[in-house]
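# Chain and residue survey
What follows is each chain in one-letter form.
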Amino acid sequence: MNLEGTSIVEGSTELLVPLVISEKGPGKVQGRVFFNRQMAFNRDVSVTMFHSVIRPRKCLDAMAATGARGIRICKEATGDFRFVINDKDSLACEYIGENIRRNGLENAEVSNADLRCLLADQVFDYVDLDPFGTPIPFVPAALQGLTRKGILAVTATDTASLSGTHPGKCRRRYMGNSQRNPFLHESGLRIMIGTVVRMAAQLDKGVTPLLCYYADHYFRLFLSIKDGAGAADRSLEQLGMMSYDRNTGERKIGEGKMGPMWLGPLMDHEAMSKAEVPEGLACAERTKQHFDIWKEELDVPFYYETNEIASMLKLSPPGRDELLAAMGGIGKVSRTNFSPTGFRTDRPLEEVLETFRSIAL
Ligand SMILES: C[S@@+](CC[C@H](N)C(=O)[O-])C[C@H]1O[C@@H](n2cnc3c(N)ncnc32)[C@H](O)[C@@H]1O
């Protein structure tokens, strides 16, 4: 059969993608088989993680569409792994097969199944979920289909439900309360991790974030999942509630109506210190910048927005470098990938405000 499509090169991988594709945003379903060019950065991060941070052997790209992610990892990352590249749509599988052939891959095979059937039958060291919208309906199957120490990678594009725009949806899907606030993507991401932690605990599994982040229009999670009641209990201990007061800017952790959410680190800094961005990625500069910031980013929840504080104090915001230098004089401070104008610090809010007043225009 002659597959209709366009040949593109993403990173150093050649891909046949459908004639109609998404260029940007959450990716409305345009044709039967999906491809979103803007997700190239998301795939670059996956390639970098396989190249230098994680070492799973038997891997599943469970919702692969054209196979772009799994195929790029097989072509561009070094390592001793094999990928099953799966989609329940038979036409998607035609593209996957063609893309495996085009890149001459020997470490990838195509599979045409509902991921829930596949994961009831086989176990994997790495499972990647990348649905339209919420991944929650697929998480139980993925957790059950992981080996005793596996990695679950998840993309979620329903950021609005998690970040306070649709609190009812958040309660139903994520069993948590969200609220709009200046750090809404961090609170949303933490609610999502918290939900996976609770689902894993039901199966006596513990969860440790390897790298969890927000970019463009989605949340992305790489989670290390370990069997054991003790591991599950330790993960549950890191869940809690929080509150945000829009008049004072105060974030109170451990009490409040937002949550439950994950309050532990969003990444494993020891693992991430090994990250090396390979040559030839699609968004090489952006990927390098993000890994540089992740490596330095403090583990303190929750970040501050320069504009949030400026408008609270009715002052013009100072430049970020000036602010980072001033905050660095009184404590620890770092940039954050959540926002180009955001920063994290271990100092209390009153010291942040004082420093701000001393340098603001
Ligand atoms: C957002 S697309 C995946 C995009 C792809 N990972 C990429 O990087 O381009 C979601 C895919 O999941 C597939 N899908 C949905 N439900 C599924 C299921 N239960 N089992 C397997 N595949 C499924 C759809 O057919 C669709 O191709």
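Look up a bit, the structure's there.
Residues numbered from 1 in each chain as written. Predicted model: local features only at pLDDT ≥ 70, side-chain atom pairs only at ≥ 80, totals over all residues. Heavy atoms only, no water.

### Describing the site of the ligand
Filter applied, for reference: By convention in this text, a residue qualifies as near a molecule or strand provided that one of its non-hydrogen atoms is within 4 Å of it. For the purposes of these results, a polar contact is taken to be a pair of N or O atoms within 3.5 Å, where, inside protein, one atom must be able to donate a hydrogen and its partner to accept one; residues adjacent in sequence count only when each atom of the pair is a side-chain atom. Accessible areas in this description were obtained via Shrake-Rupley with a 1.4 Å probe; residue shielding takes into account the shown protein chains only. Each residue receives one of three labels: charged for Asp, Glu, Lys and Arg, nonpolar for Ala, Val, Leu, Ile, Met, Phe, Trp, Tyr, Cys and Pro, and polar for the others, Gly being one of them.
The local shell around the ligand holds 18 residues, among which Arg43, Met63, Asp87, Leu115 and Asp130 are the closest. Within the backbone of Met63, an N or O atom sits 3.1 Å from a nitrogen atom of the ligand. Burial of the ligand by the protein chains amounts to 93% of its free accessible area of 610 Å². Grouping the constituent residues of the shell around the ligand by class yields 10 nonpolar, one polar and seven charged.

### Considerations on the environment of Asp61
The condition that has to hold: Put simply, DSSP H or I for four residues or longer makes a helix, DSSP E for two residues or longer makes a strand, and each gets a number counted from the N terminus. Accessibility here uses a 1.4 Å probe with only protein chains present; expressed as a share of the type maximum, an area under 20% marks a residue as buried, one over 50% as exposed, and anything in between as partly exposed.
You can see Asp61 is positioned in strand β3 (residues 58-61). The class of Asp61 is buried, set by a relative accessible area of 2%. Spatially, the C-alpha atoms of Asp61 and Asp130 are 8.4 Å apart, while their sequence positions differ by 69 residues. Here Gly70 takes part through its backbone nitrogen, which lies 2.9 Å from a polar atom of the side chain of Asp61.

### Remarks on the nonpolar core
One broad trend across soluble globular proteins is that nonpolar side chains are buried collectively. Where we set the bar: Side-chain atoms within 4.5 Å link the members of a nonpolar core, which is a set of buried Ala, Val, Leu, Ile, Met, Phe, Trp, Tyr and Cys residues.
In this structure, Val127, Leu129, Leu152, Ile193 and Leu221 are the most contacted members of the largest nonpolar core, which totals 51 residues. Sorting elements by how many residues they give to this core places helix α8 (residues 184-201) first, with eight residues. One finds Val47, Tyr126, Ala271 and Trp294 within the second-largest nonpolar core, a separate group that totals 43 residues.

### So, the sheet that holds strand β5 (residues 108-111)
Quick note on the threshold: The pairing criterion is simple: DSSP has to find at least two bridges between the two strands. Only the contacting stretch of a helix is used when fitting its axis, a line to C-alpha atoms as for every element, and angles between N-to-C directions run 0 to 180 degrees. Whether two residues are in contact is decided by their heavy atoms, any of which lying within 4.5 Å being enough.
Read across the open sheet, the seven strands follow the order β5-β4-β3-β6-β7-β9-β8; overall the sheet is mixed. Here the strands that pair on one side only, and so sit at the sheet edges, are β5 and β8 (205-215). Shown here is a sheet whose adjacent strand axes are inclined to one another by a mean of 15°, direction ignored. Bridging between strand β7 (residues 146-156) and strand β9 (residues 218-227) involves eight bridges; their strand directions are antiparallel. Along β9, the bridge assignment pairs Val154 with Leu221. The sheet contacts of helix α2 (residues 68-76) involve β3, β4 (82-86), β5, β6 (124-129), β7 and β9, and relative to β4 the element is tilted by about 160°. In the packing of helix α3 (residues 90-102) onto the sheet, contacts are made with β4 and β5, and the angle to β5 comes to roughly 165°.

### Considering unusual backbone geometry
A cis amide bond links Gly259 with the next residue in sequence, Pro260, at an omega value of 0°. With omega at 5°, the peptide bond leading from Pro301 into Phe302 counts as cis. Inspection of the secondary structure puts Phe302 in the loop between α11 (284-296) and β13 (304-305). Not every positive phi belongs to a glycine, and Asp216 is a case in point at roughly 50°. By the element assignment, Asp216 lies in the loop between β8 and β9.

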